[in-house]
Amino acid sequence: MSAPQPSKLAFVPFVSVENMMRLVNRIGVSTVLTELASYIEEDFGRWELFDKTPRVASHSAEGVIELMPTSDGIMYGFKYVNGHPKNMANGLQTVTALGLMSHVDNGYPALLTEMTLLTALRTAATSAMVAKHLAPTHSHTMAMIGNGAQSEFQALAMAALCGIKTLRLYDIDAAATNKLIQNLSGHGLELVACSSAQEAVEGAQIITTCTADKQLATILTDNMVGSGVHINAIGGDCPGKTELHHDILYRSDVFVEFEPQTRIEGEIQQVPADFPVSEMWKVINGESKGRTHDGQITLFDGVGFAIEDFSALRYIRDKIHNTAFYQELDMLADPDDPRDLFGMLQRARGDEK
Ligand SMILES: NC(=O)c1ccc[n+]([C@@H]2O[C@H](COP(=O)([O-])OP(=O)(O)OC[C@H]3O[C@@H](n4cnc5c(N)ncnc54)[C@H](O)[C@@H]3O)[C@@H](O)[C@H]2O)c1
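Residues numbered from 1 in each chain as written. Predicted model: local features only at pLDDT ≥ 70, side-chain atom pairs only at ≥ 80, totals over all residues. Heavy atoms only, no water.

**Q** Even after reading the chapter, I still don't get the sheet that holds strand S4 (residues 75-83), so can you show me in this structure?
**A** Within a beta sheet, neighbouring strands are joined by backbone hydrogen bonds and run either parallel or antiparallel to one another. The strand order across the open sheet built from 7 strands is S2-S3-S4-S5-S6-S1-S17, with neighbouring strands paired in mixed fashion. Strands with a single pairing partner mark the edges of an open sheet, and in this sheet they are strand S2 (56-59) and strand S17 (327-330). The average angle at which neighbouring strand axes cross in this sheet is 20°, direction not considered. In this sheet, strand S6 (residues 109-114) lies alongside strand S5 (residues 97-103) in antiparallel orientation, the contact comprising 5 bridges. From the neighbouring strand, Leu 98 faces S6, where its bridge partner is Glu 114. (Pairing = 2+ DSSP bridges. Helix = DSSP H or I, 4+ residues; strand = E, 2+ residues; numbered from the N terminus. Axes fitted to C-alpha atoms, helices over the stretch in contact; angles between N-to-C directions.)

**Q** How should I be thinking about the pairing of strand S16 (residues 297-301) in this particular structure?
**A** Residues in a regular strand project their side chains so that they alternate between the two faces of the sheet. Within S16, 5 of the 5 residues are buried, which leaves it mostly tucked inside the rest of the structure. Burial along S16 is two-sided: Ile 297, Leu 299 and Asp 301 facing one way and Thr 298 and Phe 300 facing the other are all buried. In terms of strand pairing, strand S14 (residues 252-256) meets S16 through 4 bridges, oriented parallel. Bridging across to S16, Phe 255 finds its partner in Phe 300. (Buried < 20%, exposed > 50% of the residue type's maximum accessible area, 1.4 Å probe, protein only.)

**Q** I would appreciate a short explanation of the pattern of salt bridges in the present structure.
**A** A side chain of one charge can pair with a side chain of the opposite charge if their charged atoms are brought near each other. Following the criterion strictly, the structure yields 16 salt bridges and no others. Across the salt bridge formed by Lys 132 and Glu 41, the nearest N and O atoms sit 3.0 Å from each other. Of this pair, Lys 132 sits in helix H3 (residues 116-134) while Glu 41 sits in helix H2 (residues 29-45), and the two are 91 residues apart along the sequence. One continuous salt-bridge network, built from bridges that share partners, spans Glu 42, Asp 43, Arg 46, Asp 72 and Arg 314. (Salt bridge = Lys/Arg side-chain N within 4 Å of Asp/Glu carboxyl O.)

**Q** I'm lost on the site of the ligand in this one. Help?
**A** Taken together, the neighbourhood of the ligand is formed by 25 residues, with Thr 94, Ala 149, Asp 171, Thr 211 and Lys 241 sitting nearest. Between Ile 172 and the ligand, the recorded distance is 3.4 Å, taken from a backbone N or O atom to a nitrogen atom. Against a free-state accessible area of 860 Å², the protein chains account for coverage of 91% of the ligand. Its residues placed into classes, the shell around the ligand shows 11 nonpolar, 9 polar and 5 charged. (Near = heavy atom within 4 Å. Polar contact = N/O pair within 3.5 Å; in protein donor to acceptor, adjacent residues only side chain to side chain. Areas by Shrake-Rupley, 256 points an atom, 1.4 Å probe, with all protein chains shown as cover. Nonpolar A, V, L, I, M, F, W, Y, C, P; charged D, E, K, R; others polar.)

**Q** How do you make sense of the packing of H3 against helix H10 (residues 306-320) when you look at a structure like this?
**A** Direction vectors running N to C along H3 and H10 enclose 115°, while the axes themselves pass 10 Å from each other. Seen from above, H3 lies across H10 with right-handed handedness. Together, Leu 118, Arg 122 and Thr 126 of H3 and Glu 308, Asp 309, Ala 312 and Ile 316 of H10 make up the contact between the two elements. Residue composition of the contact of H3 with H10, by class: 3 nonpolar, 1 polar and 3 charged. (Left-handed = near helix turned anticlockwise from the far one by under 90°. Contact = heavy atoms within 4.5 Å.)

Okay, structure coming up:
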C-alpha cells in the first residue's frame, strides 16, 4: 500500500532566487520598488494592528544572525537574516535572507521565499518612501556613500519615488563604484564618481550612507552636512555599528521605524535614551510632523523593521498568484487523520521497498 498523498495545505508556495529574479525582471525593478513602497506605506499606516518586538539577534565577532517576526492578526511573517561585513572579502554576500508567511488562524505556512534580493528591494523601497515624506521637495541629487550590494536598489528607488536624477558616488573601494556605474548606465541617471565622501555630498539634497563595517565608523562628519538636507542612514544597524558622527544627530530631526529597536541598533545608540525621535508611522498618519522648514536637516535612522518584511512577503504572495513564478514544496507533514502522524510514517515504508 503506498502512502497517502499530502493534503493541499501541505504544499507551500516557494519562491526560489531564480523565480524571484524572473518575477522582478518581468515586472521591472523600478515598478517593483514603487509598488513595494506603497505596500510598506500601507502597513505603516495600520501600524497599531501589528505585533511589534525588536528583532531577536545572535551576535558574534564576525556579524549577526537575526529573526524578525510580526503579525497583523490575519497573517504572521518572519525573516531570517544575517549581516557579516567581512563576508565580502571572502566572496560572500554581507546580507542574506529568507522569509516565511503563515495563516494566523491555523498556523499553516502560506509562502516560503528567498529574501536576499527581497531585502535589498524592501530596504530601498522603505528609504524612498520615507524620503518622499521628509526630503526637500524638488530633490534631484543624491550622494550615495557605500556602493555595495544595496546601492543600485537605493538609487533606483530614490529615482522612482523622489525624482533623483543625479548620483554622486563614493566608496573606499573604487571597484564598487565602477560596478555601480556599469550596472546603472542606461537607466537615465547622471552618475558622478567622487574621490571622497566630502566631495560626494556637494550639491546633494539627499545623502545616503550604506556602508558595511562592524564598528562605530564616521562616514559623515558634522561639517559635511549642510542645512536643509535629508540623510538616509541605513548602514548602521547593529549595536556597535554606526556611520554618523554624533554631532550630526544634535543638528537633525531624527525619524525611526520602531523606536525600541532603533535605540539598540541605530545611530541613536550614540546619544542618551531620552534623545527625541519620531516614529515614521506617525508622520505618515499625520500624528507627528515631518519636514517643517527648508533649513531643517531630516535624518532617517533606518535599521530595517519586521513590518517592512511582512509587507514584502505580502507583496510577493499577491504577485505570484496565478503565475509560474513559484514551486509547490511538500513542506508540511499533514496526515489524513491529524492524530495519525506515526501511521503516516509507517505507511510510507512501503514506498522504500
Ligand atoms: N537598514 C536596513 O534595513 C538595512 C538593510 C540591508 C542592509 N543594511 C546594511 O547596509 C550596509 C550595506 O549593505 P550591503 O549589502 O550593500 O554591503 P556590501 O558589503 O555589499 O557593501 C558595503 C560597501 O561599503 C563600502 N565601505 C565600507 N566602508 C566604507 C567607508 N568608510 N566609506 C565608503 N564606503 C565604505 C565597501 O567598500 C562596500 O562596497 C550593511 O551595513 C548592511 O548591514 C541595512
